[in-house]
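Chain residues, written in single-letter form:
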Amino acid sequence: MSIGAGIALFVIGAILAFALDIQLDWVNLDMVGYILMGAGFLIFLLGIVLLIRRRQTDTVTRTAVDPAAGEQVTRRTTRSDDAV
């Protein structure tokens with residue numbers, strides 16, 4: 001999701017900075033566009049880094065009754081795969 005948000009911010013910033021030719025007294029749309037482009041680029045890079053570092057974890061929980069003691073036994077197994 002952060003990759004898409006970064007691209008969207010970058011595109012909106014590029015439109016504000018380069019495509020619009022509107023002059024407003026109270027805001028500089030070129031500067032707002034450059035700021036949005038920078039933020040979009042940073043969010044895009046952060047999304048790529050988080051995607052690379054993502055770990056996949058599977059947790060399996062099994063509950064059974066021990067026939068000898070008559071007690072409930074819970075067994076948990078966790079498996080972690082590193083993407084790196």
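These numbers come from a predicted model, not from an experiment.

Trainee: Quick question: what am I supposed to make of the overall build of the protein chain here?
Mentor: Scanning the protein chain for helices and strands turns up two helices and two strands. Each helix and strand of the protein chain, ordered N terminal to C terminal, gives the series α-α-β-β. Its C-alpha atoms give the protein chain a radius of gyration of 25 Å, clearly above 12 Å, the size a compact globule of 84 residues would have. Along the three orthogonal principal directions, the C-alpha set of the protein chain runs to about 85 × 30 × 15 Å. Looking at the protein chain as a whole, 11% of its 84 residues qualify as buried.

Trainee: I keep staring at a nonpolar patch on the surface and nothing clicks. Help me out?
Mentor: Residues I7, V11, I15, L20, I22, L24 and W26 make up a contiguous nonpolar surface patch of about 680 Å² in total accessible area. On the secondary structure map, I15 appears in helix α1 (residues 2-19).

Trainee: I'm lost on the packing of α1 against helix α2 (residues 29-53) in this one. Help?
Mentor: For any two helices packed against each other, the geometry comes down to the angle between their axes and how far apart the axes lie. For the pair α1 and α2, interaxial distance at closest approach is 7 Å and the crossing angle is 160°. Looking at the two axes, α1 sits roughly antiparallel to α2. The interaxial crossing formed by α1 with α2 has left-handed handedness. A class-by-class count of the residues in the contact of α1 with α2 yields 19 nonpolar, six polar and one charged.

Trainee: Where do I start with the packing of aromatic side chains in this structure?
Mentor: What characterises a pair of aromatic rings is the spacing of the ring centres plus the angle enclosed by the ring planes. Under the definition given, this model contains one aromatic pair. Note on F18 and Y34: the rings are 5.9 Å apart at their centroids and 70° apart in plane angle, and the pair reads as edge-to-face. One end of the pair, F18, is in helix α1; the other, Y34, is in helix α2, and 16 residues separate them in sequence. Judged by its relative accessible area of 56%, F18 falls in the exposed class.

Trainee: Honestly, the confidence of the model for the protein chain in this entry has me stumped. Any pointers?
Mentor: Predicted coordinates in regions of low pLDDT should not be interpreted in detail. Confidence in the prediction for the protein chain averages 85 pLDDT; 92% of positions are at 70 or higher. For the protein chain, per-element mean pLDDT is lowest for strand β2 (residues 72-82), which scores 74, and highest for α1, which scores 94.

Cut-offs applied
- Residues numbered from 1 in each chain as written.
- Predicted model: local features only at pLDDT ≥ 70, side-chain atom pairs only at ≥ 80, totals over all residues.
- Heavy atoms only, no water.
- Helix = DSSP H or I, 4+ residues; strand = E, 2+ residues; numbered from the N terminus.
- Rg over C-alpha atoms; globule rule 2.2 N^0.38 Å.
- Buried < 20%, exposed > 50% of the residue type's maximum accessible area, 1.4 Å probe, protein only.
- Patch = residues over 30% accessible without salt bridge, like charges linked within 9 Å, V, L, I, M, F, W, Y side chains within 5 Å.
- Areas by Shrake-Rupley, 256 points an atom, 1.4 Å probe, with all protein chains shown as cover.
- Salt bridge = Lys/Arg side-chain N within 4 Å of Asp/Glu carboxyl O.
- Axes fitted to C-alpha atoms, helices over the stretch in contact; angles between N-to-C directions.
- Parallel < 35°, antiparallel > 145°, perpendicular 65-115°, else oblique.
- Left-handed = near helix turned anticlockwise from the far one by under 90°.
- Nonpolar A, V, L, I, M, F, W, Y, C, P; charged D, E, K, R; others polar.
- Phe/Tyr/Trp six-rings, centres within 6.5 Å; stacked < 30°, edge-to-face > 60°.
- pLDDT = per-residue confidence, 0-100.

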